[in-house]
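What follows is each chain in one-letter form.
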Amino acid sequence: MQRIKGYHAHVYFDASTIDQARALCERAAQLFELKMGRVHERPVGPHPDWSCQLAFGPEVFAQVVPWLALNRQGLVVFLHPDTGDDLLDHTNHAIWMGAMRPLDLRGV
């Protein structure tokens with residue numbers, strides 16, 4: 001089994017939910033040992049929607065993921081491990097909270 005170095009949770013939002021997403025990500029950063037990335041008001045990388053990344057280690061997975069599930073209030077969260085294989089991490093290893101969205105995997 002490949003070693004998981006960490007996880008990325010990408011919180012997706014749009015113009016009508018940006019404040020909700022920012023508050024969710026900021027609260028997660030206050031509660032847990034994780035790094036909150038920038039709030040992107042455009043699609044970035046393979047992500048089809050505006051997003052904010054939360055990066056965290058395997059040691060806090062059991063706290064962060066259930067909290068996101070209970071507090072996302074309808075926002076879509078795309079979660080994947082970091083194993084070093086970006087394509088598999090964004091496809092076979094991915095976990096979705098909410099509706100699955102089509103990723104642009106050409107650059108992955």
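Predicted model, so just to flag it, every value in this text is computed and none were measured. Here the residue numbering is sequential within each chain, running from 1 through the sequence in written order. Owing to the predicted nature of the model, reporting of local features is limited to residues with pLDDT of at least 70; listing and counting of side-chain atom pairs is limited to 80 or more, with chain, interface and lining totals taken over all residues. With hydrogens and water set aside, each side-chain value is computed from the structure's full complement of heavy atoms.

**Topic: the sheet that holds strand β1 (residues 6–13)**
What counts, and what does not: Pairs of strands are assigned from DSSP output, requiring at least two bridges between the strands. Starting at the N terminus, helices and strands are each numbered in turn, a helix being any DSSP run of H or I of at least four residues and a strand any DSSP run of E of at least two. Helix axes are fitted only over the stretch in contact, all axes being lines through C-alpha atoms; the angle between N-to-C directions runs from 0 to 180 degrees. Here, residues are in contact when the closest pair of their heavy atoms is within 4.5 Å.
One open sheet holds the five strands; their spatial order is β2-β3-β1-β4-β5, and the pairing between them is antiparallel. Strands at the two margins of the open sheet, each flanked by one partner only, are β2 (34–40) and β5 (95–97). Each strand of the sheet is rotated relative to its neighbour by a mean of 20 degrees, with strand direction disregarded. In the sheet, β1 pairs with strand β3 (residues 50–56) via seven bridges, with the strands oriented antiparallel. Note on β3: the bridge partner recorded for histidine 8 is alanine 55. In this fold helix α1 (residues 18–31) packs onto β1, β2 and β3, with an angle of close to 165 degrees to the strand it touches most, β2. In the packing of helix α2 (residues 61–71) onto the sheet, contacts are made with β1, β2, β3, β4 (77–82) and β5, and the angle to β3 comes to roughly 155 degrees.

**Observations regarding the environment of phenylalanine 56**
Looking at the element boundaries, phenylalanine 56 is found in strand β3. Separated by 22 residues in the primary sequence, phenylalanine 56 and leucine 34 place their C-alpha atoms 4.6 Å from one another. Apart from the residues lying within four places of it in its own chain, the contact partners of phenylalanine 56 are Gly6, Tyr7, Ala9, Glu33, Leu34, Phe61, Val64, Val65 and Leu79.

**Quick word on the environment of arginine 22**
Inclusion rule: The rule is simple: take the accessible area with a 1.4 Å probe, protein chains only, and divide by the maximum for that residue type; under 20% is buried, over 50% is exposed, in between is partly exposed.
With respect to the helices, strands and loops of the structure, arginine 22 is situated in helix α1. Classification of arginine 22 as partly exposed rests on a relative accessible area of 31%. On a C-alpha basis, the gap between arginine 22 and arginine 38 in space is 9.5 Å, while along the polypeptide they are 16 residues apart. Excluding residues within four positions of it along the chain, arginine 22 makes contact with Val39 and Glu41.

**Brief notes about the nonpolar core**
Where we set the bar: In this description, a nonpolar core means a group of buried Ala, Val, Leu, Ile, Met, Phe, Trp, Tyr and Cys residues linked to one another through side-chain atoms lying within 4.5 Å.
The biggest cluster of nonpolar side chains holds 24 residues, and the ones touching the most others in it are Val11, Leu54, Phe56 and Leu68. A per-element tally of this core places α1 first, with five residues. If near-sequence neighbours (up to four positions away) are discounted, leucine 54 is found in contact with Tyr7, His8, Ala9, Val11, Cys25, Ala28, Leu34, Lys35, Met36 and Leu68. Counting residues in each nonpolar core, the second largest holds six residues, with Tyr12, Val76, Phe78 and Ala94 among its members.

**A word on α1**
This is how the line gets drawn: Helix span, as expected, comes to 1.5 Å for every residue beyond the first. Arc definition: directions from the helix axis to the C-beta atoms.
A rise of 1.5 Å per residue sets the reference length of α1, with its 14 residues, at 20 Å; its end C-alpha atoms lie 20 Å apart and thus fit the reference within 8%. Taken as a whole, α1 has its buried residues at Ile18, Ala21, Leu24, Cys25 and Ala28. An end-on view of α1 places all buried positions within 130 degrees of arc, on one side of the element. Those residues of α1 that are exposed and aimed more than 90 degrees away from the buried face are Asp19 and Gln30. Those residues of α1 hidden inside the fold are in contact with β1, β2, β3 and α2.

**Concerning unusual backbone geometry**
The phi angle at glutamine 73 is positive, at roughly 45 degrees, despite the residue not being glycine. Mapped onto the fold, glutamine 73 is located in the loop between α2 and β4.

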